[in-house]
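# A look at the structure
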Amino acid sequence: MSSSRLRTRGRPLAVLAVAGALVLGAIPAGAAPPSGSASGGRVLAGASQSAPAKAQAGKVSRTYAPGKYIVMLKKAPIASYTGGTASIPATRPLAGRKVQVASVAAQQYRAVLRKDQSEVAAKAGVRSKQNYTVALNGFTATLTAKQAAALAADPKVLAVSKDAVRHPTDNRIDYDFWHLAGLNGVWSKVGGISNAGKGVVVGDLDTGIWPESKSFAGAKLGSAPDPANPVKAYRQGSDIVMHKADGQTFTGTCQAGPSFPASTCNTKIISARYYGDNFLASLAKPSDISPFEYLSPRDGDGHGSHTASTAAGNNRVHAVVEGNDFGFISGVAPAASIAVYKVCWQAADTTQSGCFNSDMIQAIDQAVADGVDVINFSIGGSTESGATDPVEIAFLSAASAGIFVSASAGNSGPGASTLDHPSPWLTTVAASTMQPREGSVILGNGRKFVGNSTTVHTPIGPKPFVAGVISGLAAAPSADAARCFTGTLDPAKVTGKIVECDRGGNTRVEKSAEVKRAGGVGMVMVNLTDNSVNGDLHSVPTVHINVPGGLVVKAYAQTAGATVTLVPGNITGVTTPFPQVAGFSSRGPSQSSNGNLLKPDIAAPGVDILAAVAPPSNSGRKFDFISGTSMAAPHIAGLAALYKAVRPGWSPMAIKSAIMTTARSLVNADGSTSTDLFAQGAGNAEPGRMFSPGLIYPAGDRDWLGYLEGLGIDTGTGVPAIDASNYNQASFADSAVVGKTTLTRRVMSVSAGLYVASASVPGYRVTVSPSILFFDRAGLTKQFRVTFTRTTAPLGDYAMGFLTWKGAHVSVRSPVVLQALAVKNTLPVVTITGASGSRTWPVVAGVTGPFPIKKFGLAAPAQTAGSIAADGSDQYTVVVKPGTKLARFATFVANDNNGADIDLSVSFGTGAGAVVVGTSGSASARETVDLKDPPPGTYVATVNGFSNAPGSTATAYLFRSYQVGVGGVGNFTVTPANSTVVAGQTVNVTASASGLDPNINYLGWIEFIDGSGSTFVANPGK
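Rules behind the numbers
- Residues numbered from 1 in each chain as written.
- Predicted model: local features only at pLDDT ≥ 70, side-chain atom pairs only at ≥ 80, totals over all residues.
- Heavy atoms only, no water.
- Helix = DSSP H or I, 4+ residues; strand = E, 2+ residues; numbered from the N terminus.
- Rg over C-alpha atoms; globule rule 2.2 N^0.38 Å.
- Buried < 20%, exposed > 50% of the residue type's maximum accessible area, 1.4 Å probe, protein only.
- Areas by Shrake-Rupley, 256 points an atom, 1.4 Å probe, with all protein chains shown as cover.
- Lys, Arg positive; Asp, Glu negative; His and termini not counted.
- Charge placed at Lys NZ, Arg CZ, Asp CG, Glu CD.
- Salt bridge = Lys/Arg side-chain N within 4 Å of Asp/Glu carboxyl O.
- Polar contact = N/O pair within 3.5 Å; in protein donor to acceptor, adjacent residues only side chain to side chain.
- Contact = heavy atoms within 4.5 Å.
- Disulfide = S-S within 2.5 Å.
- Pairing = 2+ DSSP bridges.
- Patch = residues over 30% accessible without salt bridge, like charges linked within 9 Å, V, L, I, M, F, W, Y side chains within 5 Å.
- Expected span 1.5 Å × (residues − 1).
- Phe/Tyr/Trp six-rings, centres within 6.5 Å; stacked < 30°, edge-to-face > 60°.
- Lys NZ or Arg CZ within 6 Å of the ring centre and 35° of its normal.
- Core = buried A, V, L, I, M, F, W, Y, C linked by side-chain atoms within 4.5 Å.
- Axes fitted to C-alpha atoms, helices over the stretch in contact; angles between N-to-C directions.
- pLDDT = per-residue confidence, 0-100.
- Parallel < 35°, antiparallel > 145°, perpendicular 65-115°, else oblique.
- Nonpolar A, V, L, I, M, F, W, Y, C, P; charged D, E, K, R; others polar.

Scanning the protein from terminus to terminus reveals 15 helices and 55 strands. A compact globule built from 1022 residues should have a C-alpha radius of gyration of about 31 Å, and the protein, at 28 Å, falls within 12% of that. Dimensions of the protein, computed from C-alpha atoms along their principal axes, come out at roughly 85 × 85 × 65 Å. Looking at the 1022 residues of the protein, the share that counts as buried comes to 60%. Within the structure as shown, the protein displays about 35200 Å² of accessible surface, and the carbon and sulfur contribution to it stands at 54%. Of note, the protein has its 82 positive side-chain charges centred 4 Å away from the centre of its 63 negative side-chain charges.

What follows is the structure, given as structure tokens:
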């Protein structure tokens, strides 16, 4: 989310994706465009999800714009304070216990934190607005650029982060895919359905809840404990109290508001609160809120009801939607209780909808204080949260207090490095498919194709078949009609026919609504590129099909006399493999850890999940199918609740490890085993195996703080730094293997016995030491080292495999991801100032033999002066010449500290065939897109205004384009130009330039043997 208003590039609620509802009953049967890199921390995202504001990564030098910030202090908050301040005892709870925020020690320590916050604020001349002390030690404040910089430099401050807006993660059960029900199901192993999650509280941070749904039905709260059911919640004054399975007490409340009286809560919904002060303050006027929204815990969108019912909705809820019987659904942990924390809001203008960091931190603070056991967080973005993102840091304290946090990975796949929530103390969840609900398309020429469908219940056709691209109104662009945009189809061409509509550009259900408006009787929705297929509840019977079949269908629909029949089920004779990773599911590698911590952690069902929604904003439906990692995360939250009920003393990381090491690999579309660990993490969670993990990879406060220190963040704790590759997680990742790498882990025994290591990673020789571990009892911890030595692994490619510890009837599997490099470069950007200068830095060779180093440039920019208003747009055409090694497109302002904010997007080609190849959308007016080895041709750079400096109506800037090639300006040299090395050898590289104009900003490129390199910048800031 943006600093003041929700915008598409701001971090969307991890597009609310519901993964936990289980249907237990019967179900009816030219040159290629280059890749671009954005220098900004945010990217321009699609309508379903936006990227987070760029977070401060440690104590780095940077500029700040005026605005609202969250200031985080280094001193531990109440949830993770271990003592040592003014003789105040520790307030961090012991394992298995909740934070006692009302204790004398907590009150004393809160006073210390508030005093520190006041002093830090006063020193910078700042007045705090909201103060946090439980999960985060910090405050919000509206700051000038100077104040923000002063606070960032204060030794007591961990980070200063712009308040950002996020969004839920969804796109729009299920069969009992996980085998939870039945005599041999998982629920039977935990004492039956009535005990599946009993005594555990799942906190759902989302859009609220629709309490009338049968998924949330419960008995009226009594006024005293029930001796026959000790974990049954009851009222105690204005509080709602539950004595949990772990012996601790949860204390919540039913916060009243419009359409949500204090009597709404019951023994299922045992607490409901809402946090929207900062969202409401972002609206120009109160009436800008959505007509479906409520200023109470009531769900105005449906996303929160979906995620809550997926994780912990009641068992055997009969789901009938628009007269169609989909059987019975259930949450993963149907006996668990739900605590609602509404943090995401809907505006009348949907671009203004979202969730503010500052509101969410208040909710996390309260959830920790209340004593929840599990938090589901289906909120996120298409780029990673920074290491010191305030929400991620608040979740660190939640994990320190023993709370398991399940977070959606994001819905921006299948591109690389598109995930959010990279922090190791979170369990980051990808979305996978289940047995699909299918429909078939029979073309008039006899060809048959299968896709997903929840709306084709009886055969339809044969009917005339037309493509949207040739069925538009005269005034409608053909590209819009092809995607069946609202108001584009011509009834004269569509009435009584089935229409082919391309995916993309608008929501999937809007396409079928347009077909119905124009008189169409059915739709075939076609993916033009490989992506998920979804069983949305459409306005007309619809089958959604993927490539390559979809392209055949699209072409046929454009032929004269085409006909088609839609039938329920799969009649093609070709079985659809599952579980596959969803096409939309965000992928690694994680950039914040430099690829040295594997994310996502795990995959869970997230496609076509049927669960509760809010009827008013969902066409009157009480249940709906939704897809997204927002749906996958609550599946894992539900599993954690099952675990907490059976083993209440287990830590969040122990549960995470157990789920990861007992997972199974997904499959590809052709049925083969998937090896894409950046898509699936450890694999698809297997509830039937997770209670017998054998070994776990434990982690806690020191590991997390060491991880942050390893990223260069001064936590003020003195904890030694840990490289992300050596963080003690049940996975292994190293993105810079130069010859070989040795990684260290420790494991704790869950069951006694002998465990023998085996490992296989293509292109590597793997040595585990010791390779045999013996534990004579549970609870022992031992350390081991793994050395991966490159043999035949291709340089620059990722190799993926597994390391497994095998014991008696136990297999403990961990994913491994390694990237072999020809060189490890320690300085990606080389800068000098003035007419001449040089820099020397070390690189490490990963090969034996010749080691050439080439230089390109220097290049001076072609530049044009421009001025842009907020919401304005300028375009610049740049013809990139053959032989260009690096093309840079950039905006430059002399003063980037005045609050101005503009964005940059670069496309290859012109007109309808243009393809976006790079974007940069930071919170500043200096944006950069670099394209390495770009195809020659025409590029169009679009500069978009977002905000101007206070008091101004436009932002003056320079648009610059660079083409770095073989020739160049000035005397630019790199040594050694050629050398011979052995793998693992360090080479000192020197780059020098002279004869430059000190008033011009120059750009060069230094390339190593593997094509990687460093940008050389002369006179930065000019």
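That was the structure; now back to the text.
Now for the side chain of Arg 503. Relative to the elements of secondary structure, Arg 503 occurs in the loop between β22 (498–502) and α10 (508–517). There is no salt bridge for the buried Arg 503, and the closest opposite charge comes from Asp 536, which lies 7.1 Å off by N-O distance. A polar side-chain atom of Arg 503 sits 3.4 Å from a polar atom in the side chain of Asn 527. Of the polar contacts made by the side chain of Arg 503, one reaches the backbone oxygen of Ser 532; its length is 2.5 Å. Ignoring anything within four residues of it in the chain, the contact list for Arg 503 reads Arg 483, Arg 508, Lys 511, Met 525, Val 526, Asn 527, Asn 531, Ser 532, Asn 534 and His 544.

What follows concerns the state of the cysteines. Such a bond, covalent and formed between the sulfur atoms of two cysteines, is termed a disulfide. Within this structure, the stated rule accounts for 3 disulfides. Here Cys 254 engages in a disulfide with Cys 265; their sulfurs sit 2.1 Å apart. The disulfide joining Cys 254 to Cys 265 has a torsion of about 90° about its S-S bond and is therefore right-handed. One end of the pair, Cys 254, is in the loop between β10 (249–253) and β11 (269–274); the other, Cys 265, is in the loop between β10 and β11, with 11 residues separating them in the sequence. Like Cys 254, the residue Cys 265 is buried in the burial classification. Here Cys 344 is linked by a disulfide to Cys 355, with a sulfur-sulfur distance of 2.1 Å. Residues Cys 344 and Cys 355 are joined through a disulfide that is right-handed, its torsion about the S-S bond being 105°. Highlighted residues: Cys 344 in the loop between β14 (337–342) and β15 (355–356) and Cys 355 in strand β15, separated in sequence by 11 residues. Cys 355 carries the same exposure label as Cys 344, and that label is buried.

Our next topic: the pairing of strand β12 (residues 317–321). Only one face of β12 is buried: it carries Val 317, Ala 319 and Val 321, and the other face, with His 318 and Val 320, is open. Note: β12 against strand β13 (residues 324–329), 4 bridges, orientation antiparallel. In the strand pairing of β13, Val 320 is matched with Asp 325.

Together, Leu 754, Val 756, Ile 772 and Phe 774 make up an exposed nonpolar region whose accessible area comes to about 360 Å². For the nonpolar patch, the secondary structure elements donating two or more residues are β32 (753–760) and β34 (772–775). With respect to the secondary-structure elements, Leu 754 resides in strand β32.

The next point concerns the environment of Pro 424. Assignment of secondary structure puts Pro 424 in the loop between β17 (404–408) and β18 (427–432). Owing to a relative accessible area of 0%, Pro 424 belongs among the buried residues under this scheme. The spacing of Pro 424 and Ser 760 is 336 residues in sequence and 24 Å in space, taken between C-alpha atoms.

Right, let's get into helix α5 (residues 303–312). Across the 10 residues of α5, 10 count as buried, placing the element largely inside the fold. Of the residues making up α5, those classed as buried are His 303, Gly 304, Ser 305, His 306, Thr 307, Ala 308, Ser 309, Thr 310, Ala 311 and Ala 312. Packing partners of the buried residues in α5 comprise β7 (201–206), β14, β16 (374–377), β27 (609–612), β28 (623–626) and α12 (629–646).

Across its 20 residues, helix α1 (residues 104–123) extends 29 Å between first and last C-alpha, which sits within 8% of the 28 Å expected from 1.5 Å per residue. Next to the buried residues of α1 lie β2 (67–73), β3 (131–132), β4 (138–143), α2 (145–153) and β5 (157–162). One or two positions beyond α1, positive phi appears at Gly 125, with a value near 70°.

Attention shifts here to the packing of aromatic side chains. Under the criterion given, the structure shown has 23 aromatic pairs. Note on Tyr 876 and Tyr 957: the rings are 6.5 Å apart at their centroids and 90° apart in plane angle, and the pair reads as edge-to-face. Here the residue Tyr 876 occupies a position in strand β44 (residues 873–880), and Tyr 957 occupies one in strand β50 (residues 955–964), the gap between them amounting to 81 residues. One aromatic cluster is present, built from ring pairs that chain together Tyr 697, Phe 732, Phe 784, Phe 788 and Trp 805. Here the guanidinium or amino end of Arg 298 rests over the ring plane of Tyr 294, the centre of that ring lying 5.8 Å away. The ring centre of Phe 802 lies 3.8 Å from the NZ or CZ of Arg 813, which sits over that ring.

Grouped together as the largest cluster of nonpolar side chains are 163 residues, with contacts concentrated most on Val 368, Phe 395, Ile 636, Leu 642 and Trp 805. By residue number, the principal contributor to this core is α12, which donates 10 residues. The next biggest cluster of nonpolar side chains, apart from the first, holds 25 residues, and it includes Leu 827, Ile 832, Val 843 and Phe 851.

This part covers the sheet that holds strand β55 (residues 1013–1018). Within the open sheet, the 4 strands sit side by side as β39-β55-β54-β42. Their pairing is mixed. Edge strands, defined here as strands with exactly one partner in the open sheet, are β39 (829–832) and β42 (854–859). The mean inter-strand angle of the sheet, taken between neighbouring strand axes irrespective of direction, is 15°.

Sheet strands line up and pair through hydrogen bonds in the backbone, either parallel or antiparallel. Strand order in the open sheet formed by 7 strands is β11-β14-β7-β16-β17-β18-β26, and the pairing between neighbours is parallel. Of all the strands in the sheet, the pair left with one neighbour each is β11 and β26 (602–605). Averaged over neighbouring strand pairs, the angle between their axes works out to 25° when direction is ignored. Examined bridge by bridge, β7 and β16 share 4 bridges and lie parallel to one another. By the bridge assignment for β16, Val 202 is matched with Val 374.

Confidence in the prediction of the protein, expressed as mean pLDDT, is 89, and 92% of residues score 70 or more. Across residues 1–61, confidence stays below pLDDT 50; counting only partners more than four residues off in sequence or on other chains, it has 336 contacts.

Our next topic: the packing of helix α7 (residues 390–400) against helix α15 (residues 701–710). Two elements in contact, α7 and α15, have axes separated by 10 Å at closest approach and are oriented at 160°. Considering the angle they form, α7 stands roughly antiparallel to α15. Listed contacts from α15 to Ile 393, Leu 396, Ala 399 and Ser 400 of α7 are Asp 701, Trp 704 and Leu 708. When its residues are assigned to classes, the contact of α7 with α15 shows 5 nonpolar, 1 polar and 1 charged.

Moving on, we get to the pattern of salt bridges. Under the criterion given, the structure shown has 31 salt bridges. Across the pair Asp 703 and Arg 746 runs a salt bridge, and its minimum N-O distance is 3.0 Å. With Asp 703 in helix α15 and Arg 746 in strand β31 (residues 740–749), this residue pair connects regions lying 43 residues apart in the sequence. For Asp 703, a relative accessible area of 9% puts it in the buried group. Note that Asp 933 and Lys 885 form a salt bridge whose closest N and O atoms lie 3.1 Å from each other. Of this pair, Asp 933 sits in the loop between β48 (927–932) and β49 (937–947) while Lys 885 sits in the loop between β44 and β45 (886–892), placing them 48 residues apart in sequence.

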